[in-house]
Amino acid sequence: MKFQGSNVLITGASKGIGAQIAKTLAGYGLKVWINYRSKPEIADALQKEIESNGGKAAVIKFDASVEEEFVSAIKVIVESDGTLNYLVNNAGITNDKLALRMSVGDFESVIDANLKSCFIGCREALKIMSKQRFGSVVNIASIIGERGNMGQSNYAASKGGMIAMSKSFAYEGAPRNVRFNCITPGFIKSDMTDELKPEVAESYMKNIPLTRFGEASDVAEAVAFLLSEHSNYITGEVLKVNGGLYM
């Protein structure tokens, strides 16, 4: 995989899909900035793992949904490295409830953590990348943002909004060679899927044409492709990583 740039910030990168994205991109030679909001020991352990494998990594704490913290963190990165070449907006939460029982607070908490944080990151990245006439942003949305789901009206709105917003940023960034794309993961193996009863997991997999859950590495490699030079004529697109569950 070929990369023109040298560094990347990944929000929500200390565990799960974010951690795998960090390890994959570090393996391709990028310096990865591992963002976390709490539990520094997990982020520090990931940094040590990456460095022990010959990669470059740094840890940076901030809440991606707080504008001042996100803006300050990017300033720290630019002061350290001289630039920011790539951004992966991965931070996010769920707060599932049936819409009839969902409060405005329940709705807003997910919008802030998922959609507002993505907007802040895209805006700040565009400012920096426009000056260097180069950059790429990948936003981790979800299959739920494409098809909806019972009990997830807040999450669906946040991820669907992320998809639409990315297309608008793609229009604004294109004249300056700054690309914005989305990835929409389906069922990806995680602690949550590991806890499913075998019969429940099997019922889910029956609806997936590839008849299996995805791996975090499937998402990470898709991210790498969309950041890399191999996709330099792709912007404003949504790459589905869902095993065919939603085509």
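Residues numbered from 1 in each chain as written. Predicted model: local features only at pLDDT ≥ 70, side-chain atom pairs only at ≥ 80, totals over all residues. Heavy atoms only, no water.

### Quick notes on the packing of aromatic side chains
And then number 1: Taken as a whole, this structure holds 8 aromatic pairs when the rule is applied.
And then number 2: Taken together through their ring pairs, the aromatic side chains of F3, Y28, Y86 and F134 make up a single cluster. (Phe/Tyr/Trp six-rings, centres within 6.5 Å; stacked < 30°, edge-to-face > 60°.)

### With respect to the UniProt feature "binding site: NADP(+)" (unreviewed entry) in the protein
And then number 1: Following the UniProt record, the feature "binding site: NADP(+)" (unreviewed entry) maps to N90, Y155, A156, A157, S158, K159 and I188 here.
And then number 2: With a relative accessible area of 16%, A156 lands in the buried category.
And then number 3: Residues in contact with A156, not counting those within four places in the same chain, are I144, G145, G148 and G161.
And then number 4: Turning to its location among the elements, I188 is positioned in the loop between β6 (178–185) and α7 (191–194).
And then number 5: Ignoring sequence-local partners within four residues, the contact set of I188 consists of I17, T193, G214, E215, A216, V219 and V241. (UniProt positions renumbered as here; feature names shortened; annotations may be inferred. Buried < 20%, exposed > 50% of the residue type's maximum accessible area, 1.4 Å probe, protein only. Contact = heavy atoms within 4.5 Å. Helix = DSSP H or I, 4+ residues; strand = E, 2+ residues; numbered from the N terminus.)

### Quick look at the environment of N177
And then number 1: Within the secondary structure layout, N177 lies in the loop between α6 (153–173) and β6.
And then number 2: A relative accessible area of 39% means that N177 is categorised as partly exposed.
And then number 3: Taking the C-alpha atoms as reference, N177 lies 9.6 Å from Y233; in sequence the two are 56 residues apart.
And then number 4: For N177, the contacting residues outside a window of four places in its chain are R133, F134 and G135.

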